[in-house]
Amino acid sequence: GESVGLHLPTLSVQEGDNSIINCAYSNSASDYFIWYKQESGKGPQFIIDIRSNMDKRQGQRVTVLLNKTVKHLSLQIAATQPGDSAVYFCAETQAAGNKLTFGGGTRVLVKP
Amino acid sequence: DTAVSQTPKYLVTQMGNDKSIKCEQNLGHDTMYWYKQDSKKFLKIMFSYNNKELIINETVPNRFSPKSPDKAHLNLHINSLELGDSAVYFCASSQDRGRVHTFGSGTRLTVV
């Protein structure tokens, strides 16, 4: 069946270092991917998205990389800050899809 | 202005009770969703409505009944609450089906 992502691992990173969060997906028909950030007590917030016709997209301090060959995407956060501490989710959908399928999330803890 | 608002934020109730969670979005989106997030942070879609029409009904007990009086509102009614219903429930909306969601801040339901 479809699956996206990993069950909640934790990434500890020193403030100022770069963070890389990984996500695997299994549905080869997936053509649109989104990264969300969820802070404690809040709903998920959109960070960045990427379509399957791209392999890289950059935002402010964030970069998403997509490798369709191995069905893998990653989120890179540059110069990680304490405010980046949260749970990060990848999500995927298909062109004719009605829903997002979320991965299991990765908790990022930023150490001062 | 809150884009997607859901009430209440916290709900503690006894087994067997019936409760409702309300959701409203002021983004003019056509599609609304209910997600359930378990204790391991896994987000799973429950229902989706597009212009008041039910388009997704995942394997959810029929004790859960969504109602969409108009495209800006999607309420969730739960009958005969069980301990396993304890979770955080998120409402979300999107302009296009299965695309970028805007989430509410969640309703933490605790069944005792």
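Every value quoted in this text rests on a predicted model; they were computed, and no experiment measured them.

1. Focus on the sheet that holds strand 8 (residues 73-78) of chain B
Residue and element names in this part refer to chain B. Across the sheet, which stays open at both edges, the four strands sit in the order 1-3-8-7 with antiparallel pairing between neighbours. Looking at which strands have only one partner, the edges of the open sheet turn out to be strand 1 (4-7) and strand 7 (64-70). Each strand axis lies, on average, 15° off the axis of its neighbour in the sheet, ignoring direction.

2. With respect to the nonpolar core
Residue and element names in this part refer to chain B. In this structure, W34, M46, F64, L76, Y89 and L109 are the most contacted members of the largest nonpolar core, which totals 20 residues. Mapped onto this core, the elements with two or more residues apiece are strand 3 (19-25), strand 4 (31-37), strand 5 (43-50), strand 8, strand 9 (87-94) and strand 11 (107-111). Filtering out sequence-adjacent residues up to four positions away, Y89 remains in contact with Q6, I21, W34, Y35, K36, M46, F64, L76, G106, T107 and L109.

3. Examining the interface of chain B and chain A
Much of the literature gives interface size as the accessible area that the parts lose upon coming together. Taken residue by residue, the interface counts 22 residues in chain B and 25 residues in chain A. Note on chain B versus chain A: buried area summed over both sides is about 1800 Å², and carbon and sulfur give 57% of it. It is K41, R99 and V100 of chain B that lose the most area in chain B upon contact with chain A, and together they represent 32% of the buried surface on that side. Across the chain B-chain A interface, the total number found is one salt bridge. For E58 of chain B, the salt bridge is made with K99 of chain A, and the minimal N-O distance between the two is 3.4 Å. Put simply, chain B and chain A have five residue pairs in polar contact (both at pLDDT 80 or more) between them. At the level of elements, strand 4, strand 5 and strand 6 (53-57) of chain B are the ones that each hand at least two residues to the side of chain B that touches chain A. Its residues assigned to classes, the side of chain B that touches chain A comprises 10 nonpolar, six polar and six charged.

The rules behind each value
Throughout, a residue's number is its position along its own chain's written sequence, starting from 1. Each chain is given a letter, starting from A, and each ligand a number, starting from 1, according to the order in which they appear as written. The predicted origin of the model limits local features to residues at a pLDDT of at least 70 and limits the giving and counting of side-chain atom pairs to 80 or more, whereas totals for whole chains, interfaces and linings rest on all residues. Remark: hydrogens and water are excluded; side-chain values derive from all non-hydrogen atoms of the structure. Two strands are said to pair when DSSP picks up at least two bridges between them. Only DSSP runs of H or I covering at least 4 residues are called helices, and only runs of E covering at least 2 are called strands; the numbering of each starts at the N terminus. Each axis is a line fitted through C-alpha atoms, taken for helices only over the stretch in contact, and angles between the N-to-C directions span 0 to 180 degrees. The set of buried Ala, Val, Leu, Ile, Met, Phe, Trp, Tyr and Cys residues whose side-chain atoms join them within 4.5 Å is what this entry labels a nonpolar core. Burial classes follow relative accessibility: with a 1.4 Å probe on protein chains only, a residue under 20% of its type's maximum area counts as buried, one over 50% as exposed, and anything between as partly exposed. Whether two residues touch is decided by their heavy atoms; if any such pair falls within 4.5 Å, the residues are in contact. Defined in terms of a 1.4 Å probe, buried area is the accessible area two parts forfeit on being brought together, summed over both. A pairing counts as a salt bridge when a side-chain nitrogen of Lys or Arg comes within 4 Å of a carboxyl oxygen of Asp or Glu. For the purposes of these results, a polar contact is taken to be a pair of N or O atoms within 3.5 Å, where, inside protein, one atom must be able to donate a hydrogen and its partner to accept one; residues adjacent in sequence count only when each atom of the pair is a side-chain atom. Residues are grouped as follows: Ala, Val, Leu, Ile, Met, Phe, Trp, Tyr, Cys and Pro are nonpolar; Asp, Glu, Lys and Arg are charged; all remaining types, including Gly, are polar.

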